Amino acid sequence: MKLQHVIESQQFTVPLLMELFDRTRRMEKIVARGGTQDYEHKVMATLFYKSSTRTRFSFESAMYRLGGRVLSTENGKEFSSEIKGESLEDTIRIIANYSDVIVLRHTEEGAAKRAALISPVPIINAGEGNGGQHPTQALLDLYTIYNECKTINGLSVALIGALDNGRTVRSLTYLLSKFDRIKFYFIAPPEMQVKPDILAYLDKYRVHYELAADPEKIISQVDVVYQTRIDRERLKRSDIDLSAYNIDASVLKKMKSNAIIMHPLPRSVEIDQTIDDDPRAVYFRQSRNGLFVRMALLTILFDKE
Amino acid sequence: MKLQHVIESQQFTVPLLMELFDRTRRMEKIVARGGTQDYEHKVMATLFYKSSTRTRFSFESAMYRLGGRVLSTENGKEFSSEIKGESLEDTIRIIANYSDVIVLRHTEEGAAKRAALISPVPIINAGEGNGGQHPTQALLDLYTIYNECKTINGLSVALIGALDNGRTVRSLTYLLSKFDRIKFYFIAPPEMQVKPDILAYLDKYRVHYELAADPEKIISQVDVVYQTRIDRERLKRSDIDLSAYNIDASVLKKMKSNAIIMHPLPRSVEIDQTIDDDPRAVYFRQSRNGLFVRMALLTILFDKE
Amino acid sequence: MKLQHVIESQQFTVPLLMELFDRTRRMEKIVARGGTQDYEHKVMATLFYKSSTRTRFSFESAMYRLGGRVLSTENGKEFSSEIKGESLEDTIRIIANYSDVIVLRHTEEGAAKRAALISPVPIINAGEGNGGQHPTQALLDLYTIYNECKTINGLSVALIGALDNGRTVRSLTYLLSKFDRIKFYFIAPPEMQVKPDILAYLDKYRVHYELAADPEKIISQVDVVYQTRIDRERLKRSDIDLSAYNIDASVLKKMKSNAIIMHPLPRSVEIDQTIDDDPRAVYFRQSRNGLFVRMALLTILFDKE
C-alpha cells in the first residue's frame, strides 16, 4: 500500500480505505489492552498555525498510544517571530530534521500540499483554511458510519446545517461518493446550501442527491444524519426558524430505529443534550474513533518506511 | 481504597491520608532510583483554563517519573475557539476519549465536581476559581508537615498573611482539622482575616483556634509557620506596617529550634532570602513534595482500575 | 570531563570540543538506528521566556531521541503570573525539583549564569538577550564546519551580514579562535561591522582578520561562508545595494568547489533558494546537526552524574 502523505480525502481509494479500517479495528483492540510501545522511537511534530486543542490532542494521544513522542505547538500565534517570517517550505525542511512525521494545521488552503512537495517525512493535513480539506475528520466520520452500520454501500445520508462552508461536509461527501448507491440529502437554509462544485462532482459520478430546506420529510428515511452547526449570525434574514434544523427527542422519534446521528463536534444547540444517551447518538463514539483512525494512519505511514 | 476523583480536600479521611503518605514515601524512593516505567501506557491530559506553569510542571513531572505520557495545554486562553464555546461537560467527554486521567484547572468554582459527574476517567482538581479548592496543594502541605514533624496530632500551626481569599489556607485548614489537638493561630491584618465559614467549621468540630493581628507573641510557640503573601494593593489603609508579617532572621531567632516555615510559593518579600539555608526553611522541600504526592495520587487512581 | 552547565562558548576548550564532536558522531549513528531509550528516566524542562519554536524543537527532539521526557513552555508570555513575579532563582529552584536539566532561553543577558549559580541540576543556555550568548548554536556551527571540512585549523572563514548585533557571529568567532591559523573576513555594511570588543579579542590572541564592505573579492578565497540576515529597516542610508551581500548562483560560481555556505536560519532573501541543491549549501544539514550536538551535550551532562 502506497501512502506517503495524507493531504486530501480524494487520495483514498476504496481498497486503501478498507485497509485503513482494518488497521483501525486492530488499533481499537491495542488501546483496549493498554496501547503498544512498538513506535517508541518515533517523534511526531504537531505544527498548528491555528489552534485546535481537540484535533491536536487526538493526534498526540494516537502517537502516545503507539509509544511515540510528540513535539507540540499549542498555537501558531505564539510561534517565534523567526518561524512567522520564513517560508513554509523552509520551516518544514527544518522541522523534518527533528521529527518522523509532521501534522500540519494551516490557515491557507493548499499549505499541506506545498509542504508534502518538499518534505522528507510524511505530512498529515490536520485541517486548512476555512473551506479546505480536513481529511482525517472525514476518515473518522466514514469509519464511524462503517463501524456502526456495518456497510457503506446503499446508505441514505442526510447532511444538515450550514453546508456551504463546512470542510467536514465537503471531505465526507467526496469519500462517501466512492461507494455504491449512496443517496445524499443536503438539508440547509437555501443561502447555506452545499456549493455547486460539490453538486457538479456528484453529477459527474452519477451519485444520487436531493436538496431540501426542511428536514421534516427526509429524517424518517435516512440511515445516517450528519448534523452540523448553523451560525445564527451568518443569516441575514430573521424569518427562518433555525430550531427546525435541531435534533431533539421529537425528531428522534421519527428516525429509523437503526439510524445514527453524527456530529463533528463541538455542538451548540443543534443537538439537544437529552438525546445523548440514545443508542443512535454516536457522536462521542465518533470522536473516540478519531483516536483509532489516526493511530492506524500513523502506522501505515511508519510501516512503509 | 476507594478514590475515583480528587475534587476537594474534605474527601480525604485520615486512613486515606495515611495510605497516601505511605505511597508518597515509596514514590520518593522510586524517584531517587530514577523513576519507574510501570505506567508507560498511561496518558494524562492537563486541561488548564488558567495557566499555572508551576502546578502544571509538577503534575507532568509526576506522570513522567511514573513512565507515562502527557497531553498538555499551556494556557486556556489559547484553546481553540471550539473548546471555548462548548460546555465543560462535552469537552471532558471528548478529552476522556484521549486520556486516562484529566488534571483540570478552571476559573469557576465547582468545575471539577461538574466534570467528575460525567467523566469516565478520573478528574483531579488542580485549582479552581479564587476562593475554591486546590486539594493537591493541601495534600502536599500536609505531607510536608507530617514528614518534617513526624506527627500531625497536637501541633500548633500559625497561618500568616492574607487569609481571607487564600484557597491554600482554606484547604489546609480543613485537612488539619481531621487530626487531634491541632491549635490554629490565624495571623492577619483584621481586614484579611480568615472567613467566618472556616471559623464556624472549626467551632463545629471543636478545634482550638485564635485570631491575632500581630505574629510577635505567637511565633515562639508554634511548630509550624505557614506563611502566605499579602498583596499590598488590597489594603486600603496605609497605617499598617506590613513588614511586621514578614519572616527574616530576627523572627527566626524567636522560633522553636524544631519549628518549620512553609510557603506555597511563589514568595515576594514576606520571606527574606537570607533565611533560605536555615534548616527550618522547608518551602523548597515542600515544593518538591508536590512531585511525590502527585505521583502517589496518580498511582492510587490508576491502580484501582 | 567536567561540564556542569552550558553557559557560554568560551567555556569549551579544544579537547572538550573534540570529545563533544566524537559523541556527536555517535549520536548521528544512534539516530540513524532509530534512537535509544537509555535516558528514559530523564526529564528535561524547556523554560523559554521568549519563544523560539525552532530551538525548542531541536532540544526537545534531542531529548526524545535519547528516550527522555520533556516539560515544555511554548512561550514565556504565557507563563502564569506567579512565575512572572518571582525571582529567576526561585523559579529555577522549583523547576529543578521537577527535572534533570533545564534549558533556559531568557530575555536578559547573564540570566543563564545566574541560574547556574544556584541550580542543583544542569542549566543549558538556549540564547539570551539580543547580543548575549547562544552557545549551542555556536557548537553546532563549529561541528558543521568540522564535519564538512574535516578540519578546523587553517580555514578561511567569511562572516557576512549584520555582524554588529548577531550573538551567533560572536559565539562562533570566540570558538573558532581557539583553533590554529584561522583567517576571519568580516563583510558587512560599515555601520553593521563586527563590534570592537571582538576585534580586541582577536588582536589579543593574534588571530588574523580583515574587514570589508564588499564580498566580491573575498568570496573566491574562503573555505567557509557564514551568511546572516541583514535587516533592511536598520539601515538609515538608502544608497547601499544590499543585494551585493546576497548569495545566488552567480556568487556560487566564484566560490571554491569545496567551500561551504552556512546560515543559522531562518533566511530571507540573503540566500537564493535556487542554490539549495548545490552540495556547498550545507545550511539544512547544519540545522540537523543541532539535533546531534544537543544530544551529545545532554549525554555529557547526564553521564557525569
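About the criteria used
- Residues numbered from 1 in each chain as written.
- Chains lettered and ligands numbered in written order.
- Predicted model: local features only at pLDDT ≥ 70, side-chain atom pairs only at ≥ 80, totals over all residues.
- Heavy atoms only, no water.
- Salt bridge = Lys/Arg side-chain N within 4 Å of Asp/Glu carboxyl O.
- Helix = DSSP H or I, 4+ residues; strand = E, 2+ residues; numbered from the N terminus.
- Buried < 20%, exposed > 50% of the residue type's maximum accessible area, 1.4 Å probe, protein only.
- Contact = heavy atoms within 4.5 Å.
- Pairing = 2+ DSSP bridges.
- Axes fitted to C-alpha atoms, helices over the stretch in contact; angles between N-to-C directions.
- 1 Å grid on protein atoms, 1.4 Å probe; cavity = no way out; pocket = protein on both sides within 12 Å on 5 of 7 lines; lining within 4 Å.
- Points joined across faces, edges and corners; volume = space filled by probe spheres on them.
- Nonpolar A, V, L, I, M, F, W, Y, C, P; charged D, E, K, R; others polar.

J.: Hey, could you go over the pattern of salt bridges for me, with residue numbers and the actual values?
T.: By the definition in use, this model includes 51 salt bridges over all chains. The residue A:Asp90 makes a salt bridge to A:Arg93 at a minimum N-O spacing of 2.9 Å. Placement of both A:Asp90 and A:Arg93 in helix 4 (residues 88-95) is noted, with a separation of 3 residues, approximately one turn of the helix. A single salt-bridge network, built from bridges that share partners, covers A:Asp90, A:Arg93, C:Arg267 and C:Asp276.

J.: Break down the side chain of B:Asp90 for me, with residues and values.
T.: We classify B:Asp90 as buried; its relative accessible area is 2%. Those residues in contact with B:Asp90 that lie beyond four places of it in its chain are A:Arg267 and A:Phe284.

J.: Describe the sheet that holds strand 2 (residues 69-72) of chain B, naming the residues involved and giving the relevant values.
T.: Residues and elements named next belong to chain B. Taken in spatial order, the 4 strands line up as 2-1-3-4 in an open sheet, and their pairing is parallel. At either end of the open sheet lies a strand with only one pairing partner, and these are strand 2 and strand 4 (123-128). Each strand of the sheet is rotated relative to its neighbour by a mean of 15°, with strand direction disregarded. As paired strands, strand 3 (residues 101-106) and strand 4 are joined by 4 bridges and run parallel to one another. Counterpart to His106 in the pairing with strand 4 is Glu128. Against the sheet, helix 10 (residues 283-303) engages strand 1 (43-48), strand 3 and strand 4, with an angle of about 130° to strand 3.

J.: Report on empty space enclosed by the protein, specifying residues and quantitative values.
T.: The tally for this structure, following the rule as stated, stands at 4 cavities of 30 Å³ or more. Considered as a void within the structure, the largest cavity measures approximately 250 Å³ in volume. Per-class residue counts for the lining of the largest cavity are 7 nonpolar, 6 polar and 9 charged. Forming the boundary of the second largest cavity are A:Tyr64, A:Arg69, A:Val70, B:Tyr64, B:Arg69, B:Val70, C:Tyr64, C:Arg69 and C:Val70. Secondary structure elements with two or more residues in the lining of the second largest cavity: strand 2 (69-72) of chain A, strand 2 of chain B together with strand 2 (69-72) of chain C. Looking at the lining of the second largest cavity, its residues break down into 6 nonpolar, no polar and 3 charged.

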